[in-house]
Amino acid sequence: MKEFNPISIKAKKPSWRKWLLFLIPIVALLIFLAYRFLIPGASSGRWAYYRALLIDRDSLSAFILKPGMRCGDSAFAFPTTGAIIGLWDQSYRVGHRHQGLDIFSGTSPGVTAVYAAYSGYLTRLDDWLSTVIIRVPEDPLHPDRQIWNYYTHMATRSGDSFISQEFPPGSYDVYVEEGSLLGFQGDYSGDPLNPTGLHLHFSIIKDDGEGGFLNELEIKNTLDPSPYFNLSVNHNNNAEEIPICEDGIEFADWDSLLEYE
Ligand SMILES: [Zn+2]
């Protein structure tokens, strides 16, 4: 008969805890690596860099693009003042894919003008406080198709609109020239207690084939804005840098033409 050995039983008891202590860091590491490398955009250091630039304003100015600026012979002119911190197909949280560009001016709500990047026909739905969309009948890069340029967050956090009075709610298919004032950057998110950081969100939405636009919240319904602005704004090609123009800049200073009321 085997002799009972209380010491050996005692020694086995904590082993599952030992395994757990061993496994927890490994699982945490795997989750981190999956988040870091498998989810596009989750890792961008652009946000932290931008926060540092907000303190060091002189350095920030190198990344601030201006309204009316064209990079090389880009089809679209830049619609506002700011640094592009959120790129197309960047992920802000697990499962999220950003459908456009987030352009941060680093100013205050209602101060920084937003203009039409390209001529077209503006619509503002009845319940849009901070958003307009501009139908471009001929995509300048693919003239056989219609596209839509979408501009949002142009209101205060509590929903006071910064959209130009020329475009009240219900505006439908109003012709606007490139460079027309649409409104001003704001921080409206729909939830006054949780506003966005002050910025313009701009995206290019696909047509639904019946004269309307597809749901702008899904990236598959949007186009990579890179070729339209001639800027590296696809996060898959530019994971860390704040995009700036690498070509010659052509500049029509729309802000200097603006008459403030
Ligand atoms: Zn955005």
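Please read these numbers as outputs of a predicted model, since none were measured by experiment. (Residues numbered from 1 in each chain as written. Predicted model: local features only at pLDDT ≥ 70, side-chain atom pairs only at ≥ 80, totals over all residues.)

> Looking at this structure, I do not really get the overall build of the chain. What am I missing?
Scanning the chain from terminus to terminus reveals six helices and 12 strands. Among the 261 residues that make up the chain, the fraction classed as buried is 37%. Counting only contacts in the chain whose residues sit at least 6 apart along the sequence, the fraction spanning at least 24 positions is 66%. (Helix = DSSP H or I, 4+ residues; strand = E, 2+ residues; numbered from the N terminus. Buried ≥ 20, exposed ≤ 12 C-beta atoms within 10 Å, placed from the backbone. Contact = placed C-beta atoms within 7 Å.)

> Quick question: what am I supposed to make of the environment of E166 here?
As for its placement among the helices and strands, E166 is situated in the loop between β7 (147–152) and β8 (174–176). For E166, a count of 13 C-beta atoms within 10 Å gives the class partly exposed.

> Even after reading the chapter, I still don't get the nonpolar core, so can you show me in this structure?
Considering soluble globular proteins, one finds that nonpolar side chains tend to be buried as a cluster. With 52 residues, the main nonpolar core has I84, V114, V132, I134 and L182 as its most contacted residues. Sorting the residues of this core by element identifies β2 (83–86), β3 (101–104), β4 (113–115), β6 (132–136), β7, β9 (181–184), β10 (200–206) and α5 (226–229) as the ones contributing at least two each. Each residue touching V114, except ones within four places of it in the same chain, is listed here: P79, T80, Y151, M154, L182, G183, F184, Q185 and L200. (Core = buried A, V, L, I, M, F, W, Y, C linked by C-beta atoms within 7 Å.)

> Teacher, can you tell me more about unusual backbone geometry here?
The phi torsion of most residues other than glycine is negative, and most of the peptide bonds are trans. Positioned with a positive phi, H153 is a non-glycine residue whose angle comes to about 80°. Note on H153: 27 C-beta atoms within 10 Å, which makes it buried. Within the chain, N230 stands out as a residue other than glycine whose phi angle is a positive 55°. As for its position among the elements, N230 is in the loop between α5 and β12 (249–251).

> Can you walk me through the pairing of β6 in this structure?
Looking along a regular strand, one sees the side chains alternate between the two faces of the sheet. Burial analysis of β6 places four of its five residues in the buried class, the great majority of the element. By the bridge criterion, three bridges tie strand β5 (residues 120–123) to β6 in an arrangement that is antiparallel. Residue pairing across strands places L122 opposite I134, the latter belonging to β6. (Pairing = 2+ DSSP bridges.)

> Can you help me understand the pairing of β10 in this one?
Of all seven residues in β10, six are buried, a share of seventy percent or more. Strand direction decides the pairing type here: β3 and β10, joined by three bridges, are antiparallel. If you follow I103 over to β10, its bridge partner there is L200. Alignment of β7 against β10, held across six bridges, turns out to be antiparallel. Each bridged residue has a counterpart across the sheet, and for I147 the counterpart in β10 is K206. In terms of strand pairing, β10 meets strand β11 (residues 222–223) through two bridges, oriented antiparallel. Bridging across to β11, I204 finds its partner in L223.

> Just checking my understanding: could you explain the environment of M69 for this structure?
As for its placement among the helices and strands, M69 is situated in strand β1 (residues 69–71). C-alpha of M69 to C-alpha of F251: the two residues are 182 residues apart in sequence and 4.3 Å apart in space. Those residues in contact with M69 that sit more than four places away from it in its chain are A77, F78, I249 and F251.

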